[in-house]
Amino acid sequence: MKIHHLTAAEALESLDSGPDGLSDAIIEERLHEYGFNRIEETRKQSILLAFAQEFLHFFALILWLAAGLAFFAETQQPGEGMQTLGYAILGVIAINGCFSFWQRYQAEQAIAALKKLLPQQVKVIRDGELSLVFADELVPGDLLVLQEGDNIPADCRLIEAFALRVNNATITGESLPKGRDASPSEVEDMTQSRNILLAGTSVVAGEGKAVVFATGMHTEFGKIAHTLKTTVKNQSPLQLQIRRLSRFVAALALLLGVVFFFVGQAIGLHFWQNFIFAIGLIVANVPEGLLPTVTLSLAMATQRMAKRNALIRNLPSVETLGSTTVICTDKTGTLTQNRMAVKQLFVENRVLQPEQLGGDSLEHHAALLAGAALCHNLKHVEGEALLGDPMEVALVAMAHRQGMRVDYPKIGEVPFDTDRKRMSTLHRTPQGQVLYCKGALETVLPRCTQTVRDGATVPLDESGRQSILAAQQAMADQGLRVLAFAYRPLPPTPEDDAERALIFTGLVGLEDPPRPEVADAIAQCHAAGIKVIMITGDHPHTAVAIARQIGLVRSANPRVVNGERLKKMTRSQLQVALNAPEIVFARIGADQKMHIVEALQRKKHIVAVTGDGVNDAPALKKADIGIAMGKAGTDVAKEAADMILLDDNFASIVAAIEEGRAVFDNIRKFLTYILTSNIPEVIPYLAFVLFRIPLPLTIIQILAVDLGTDMLPALGLGVEKPDAAAMTQPPRSQKEALIDWRLLARAYGFLGLIEAAAAMAAFFFVLERGGWHYGQGLHGQHTLYLQATTACLSAIIMMQIANVFICKQRQRGLLATPIFDNKLILSGIVLEILLILAIVYTPWGNAIFGTAPIDQEVWLFALPFVAGMLVLEEIRKWLVRRFQLFPFRHKPPRMRKRHAQRR
Ligand code: ATP
């Protein structure tokens, strides 16, 4: 018989398990026999294939074509140096392929490392104790304890279920939740059986226990042989932009090559010589390394974010984070510490401190304390520790401290959910069945008809209700989280709605202090033009009091919208309400979060939203950045999120946004850097064509700059740490192009021209000193000519070294910029210096790159140009700052909106 045909007890027995789960010895044995509970990636690309791909993509193909043409030209016209060029291009393909492969590999490693940071944990009963274990250590026969929000880690058979519903969408595609129970099933197909839970699906409601019967690749999920989604494969908009940009530049390079070829022909250049230039120009300008560098800088950013407790699940989220304009955040646990302590009580119409409870008056307070001790969802884990909601832990602790240690068996439950905002548990007590209820006062009080006075029950009249409401308000105004308690002895006959005619026992005010770092993080958001909106299930007064403590609310009258009000608002009313500079949403149900997110998106905001429960999943998915809590979050919320906070802390969101902003800036920094050197590469050629001077920089020398000396420093700029000023500017618009006219003007029109001037000056300096005069031809192997081109190349490299530091900052002066904080840049520069020395002073360097040793004076001659570029750039930056030439990257959404309205 198959496992779903058996009874629960038989199913357990068939796996040699029992109500106490497995023993350690058996687990060890089974782990050995069945292996880890993991899905192996079936279609993992072989390393060799990935490596080969680096030599076969679009740009590589252009280069292969160029190399082929060069070798073909050699057969047509031997001795023109075409063969050398052919080999040089092959070298370029090899260097580039290896470098790109290395970058991609690093990026994938970085993403893979992230996955390991947050392994899934599951609750199992082993040796009679409830314990938390890693999901991949599960073995057949393990007894799982499941609750709302849990992912199902292996195929299992239910043994006990309470209102359990699962979402099977990942396996069957069916997205409506299905009820599940533990009774034997008749159906033939196991996957359709009501008592089977399949790995990869999730519990959306209820609780249950289930015995594992298949793990890892033996599960249905494993059999479908799903390829695990590796996030690095998603192309981010930024990567797409770079890809388009690269192709455009490549096409431009081709065009440039062809045009220059014809110009050369028109002015009567030698055909083959002309041909070399055209090919060389194309090779030099094809931006083959751009995309891998962008991917690597995104991946490196995810690593830095992980160090700051923000785990990115999708690479594109890195840049979306950078453009976030609104953060919608929960209160409990995110802004606050979620370390609850009972501070105040309201019992029998009196405000008390917790220590005044119990003792001699235990009898009077017994019903309240019994409610605190019993009405919860906590689980005992390995001895004393209690696992679950910290608020409930605090309540049980209070009851225990006051001597209330009852442990009546729970026989039923009406679970908590964010819409009901209350929960009830049913217990078998010596006095019969009793229902204990706790929750938000608004949902409990209307169900109460009596209250307790002097230990006896009395009717609850209107004035009694008013004083309870006033007491709640007073507690909430202090920032306390207020919970109402009630109970009711049940008649022996079962009732449909047992949560009625309750006896009110009191209010408990719990303190949950704000996280110390949050006030700073909120201030940073304000400085960075990011709006922060609190969306909480808590009472409006508690919400505002906490918001005030952390600086989220500073005005006397912030806009407060509660769930009831929100229900009645139209779309446009909500959008108008969201214009308020300070707005707090309180007593909000989970589905309402989604409406707020949508309204903000309609207002063209880029929205980050936090969540932890199953009901938060739609809002997390809808938001531009869904953020799940790593500690308090359910598996379902984590699955729906783009980012997971390892420490549940609001401040980590802000840190991640800062890193996200840095990525975009960094890519611009390295683009500026590499674009700059294009000008001193092209101008010598133009001068050669237009003024008929000897060619100041050969093609191979151009390749030496683009694919040798420039590579590492550019990568270094791509992984710069966030700048201190990153969070002092408004968010950038997602539409903002990576390359705009300002960037081009600075790289080409300013820095590039200065570099070109230095390169040309160094070239002529050597020629003049050697007695050359204008109009005189020079043979390509003439030492003077070799030295002059070497001077030109060396000057470019010296200028590029200074340029790295210049590109570290767009607006701030060099003196205010940390210079030696980036190891990759520093090692890039050391390598750059070693390379140029090797090119200039070693015989093989001379042979490959057509150079000759130059003396010290040439270097000294170039120095003033380096200094000049630094000074001119300082002046430019000063002017930009002084006259606020470009103070904002773009106008924040609200300002744009207002302009639009005026028009
Ligand atoms: P946030 O949404 O910021 O995390 P929250 O934790 O207060 O705030 P919910 O979990 O939706 O939000 O809770 C809403 C209200 O429901 C609480 O203010 C409280 O009154 C009540 N409540 C919360 N947890 C429980 C519980 N375990 N049992 C009974 N009532 C609860």
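Parameters and conventions
Residues numbered from 1 in each chain as written. Predicted model: local features only at pLDDT ≥ 70, side-chain atom pairs only at ≥ 80, totals over all residues. Heavy atoms only, no water. Helix = DSSP H or I, 4+ residues; strand = E, 2+ residues; numbered from the N terminus. Buried < 20%, exposed > 50% of the residue type's maximum accessible area, 1.4 Å probe, protein only. Contact = heavy atoms within 4.5 Å. Areas by Shrake-Rupley, 256 points an atom, 1.4 Å probe, with all protein chains shown as cover. UniProt positions renumbered as here; feature names shortened; annotations may be inferred. Near = heavy atom within 4 Å. Polar contact = N/O pair within 3.5 Å; in protein donor to acceptor, adjacent residues only side chain to side chain. Nonpolar A, V, L, I, M, F, W, Y, C, P; charged D, E, K, R; others polar. Lys, Arg positive; Asp, Glu negative; His and termini not counted. Salt bridge = Lys/Arg side-chain N within 4 Å of Asp/Glu carboxyl O. Domains from an automatic or database assignment. Buried area = accessible area lost by both parts, 1.4 Å probe. Expected span 1.5 Å × (residues − 1). Pairing = 2+ DSSP bridges. Axes fitted to C-alpha atoms, helices over the stretch in contact; angles between N-to-C directions.

Within the protein chain one finds 32 helices and 26 strands. When its C-alpha atoms are laid out on the principal axes, the protein chain stretches across 115 × 70 × 45 Å. Looking at the protein chain residue by residue over its 903 residues, the buried ones come to 55%. For the protein chain, the proportion of contacts with a sequence separation of at least 24, taken over those separated by at least 6, is 72%. When the accessible surface of the protein chain is totalled, it reaches about 39200 Å², and 59% of it is carbon and sulfur.

Right, let's talk about the UniProt feature "transmembrane region" (unreviewed entry) in the protein chain for a bit. Per the UniProt record, the feature "transmembrane region" (unreviewed entry) sits at residues 47–73, 85–102, 248–269, 275–299, 743–765, 785–805, 825–844 and 856–872. End-to-end, the C-alpha atoms of residues 85–102 are 25 Å apart, and along that stretch the chain is 100% helix and 0% strand. Annotated as 100% helix and 0% strand, the span residues 785–805 places its first and last C-alpha atoms 31 Å apart.

The next thing to look at is the site of the ligand. In the vicinity of the ligand lie 20 residues, with Lys331, Glu392, Thr418, Arg481 and Thr536 positioned nearest. The separation between an oxygen atom of the ligand and a polar main-chain atom of Thr332 is 3.0 Å. Taken by itself the ligand offers 600 Å² of open surface, and the protein chains cover 90% of this. Looking at the shell around the ligand, the element that brings in the most residues is strand 19 (residues 481–489), giving three residues. Considering only residue class, the shell around the ligand consists of six nonpolar, five polar and nine charged.

The next thing to look at is unusual backbone geometry. Phi angles above zero are rare outside glycine, and Asp127 is one such case at about 55 degrees. Within the fold, Asp127 resides in the loop between strand 1 (121–126) and strand 2 (129–134). Looking at Asp127, the relative accessible area reads 48%, which means it is partly exposed.

Attention now moves to the side chain of Arg732. With respect to the element layout, Arg732 can be found in the loop between helix 26 (711–718) and helix 27 (741–769). Although buried, Arg732 forms no salt bridge, and the nearest oppositely charged side chain, Glu319, lies 4.5 Å from it. Within polar-contact distance, the side chain of Arg732 engages the backbone oxygen of Glu319 at 3.3 Å.

All chains considered together, the criterion is met by 32 salt bridges. Between Arg420 and Glu499 there is a salt bridge, with the nearest N and O atoms lying 2.9 Å from each other. Taken as a pair, Arg420 in the loop between strand 14 (410–414) and strand 15 (422–429) and Glu499 in the loop between strand 19 and strand 20 (502–511) lie far apart in primary sequence, 79 residues in all. When sorted by exposure, Arg420 lands in the same class as Glu499, which is buried. A salt bridge links Arg422 to Glu499; its shortest N-O distance comes to 3.3 Å.

According to the domain assignment, the protein chain consists of domain 1 (3–41 + 112–230), domain 2 (311–337 + 515–648), domain 3 (344–491) and domain 4 (666–903). Computed from C-alpha atoms alone, the centre-to-centre distance between domain 1 and domain 3 is 35 Å. At the junction of the two partners, domain 1 supplies nine residues and domain 3 supplies eight residues. Here domain 1 meets domain 3 over a buried area of about 740 Å², counting both sides, of which 60% is carbon and sulfur. Three residues stand out in domain 1 for area buried against domain 3, namely Leu130, Phe162 and Glu207, and they jointly supply 53% of the buried area on that side. Viewed at the interface, domain 3 and domain 1 are joined by zero salt bridges. Counting every contact that joins domain 1 to domain 3 gives zero residue pairs in polar contact (both at pLDDT 80 or more). Contributions of two or more residues to the side of domain 1 that touches domain 3 are made by strand 2 and strand 3 (143–147). Broken down by element, the residue count for the side of domain 1 that touches domain 3 peaks at four residues, all from strand 2. Looking at the side of domain 1 that touches domain 3 residue by residue, the classes come out as four nonpolar, two polar and three charged.

Moving on: helix 8 (residues 237–266). For helix 8, built from 30 residues, the straight-helix expectation of 44 Å at 1.5 Å per residue is met to within 8% by its first-to-last C-alpha distance of 43 Å. Those residues of helix 8 lying buried are Leu238, Gln239, Ile242, Ser246, Ala250, Ala253, Gly257, Phe260, Phe261 and Gly264. Contacts made by the buried residues of helix 8 are with helix 4 (58–76), helix 9 (271–285), helix 10 (290–307), helix 11 (316–322), helix 23 (650–676) and helix 24 (678–691). Where helix 8 ends, the next residue or the one after it, Gly268, has phi of about 85 degrees, a positive value.

Our next topic: the sheet that holds strand 9 (residues 326–329). Taken together, eight strands build an open sheet; the order of strands is 8-26-25-24-9-21-23-22 and the sheet is mixed. Each edge of the open sheet carries a strand with a single partner, namely strand 8 (310–312) and strand 22 (559–562). Pairs of neighbouring strands in the sheet enclose a mean axial angle of 20 degrees, with direction left out of account. Relative to strand 24 (residues 607–611), strand 9 runs parallel, the two sharing three bridges. Bridge pairing in strand 24 places Cys328 opposite Val609.

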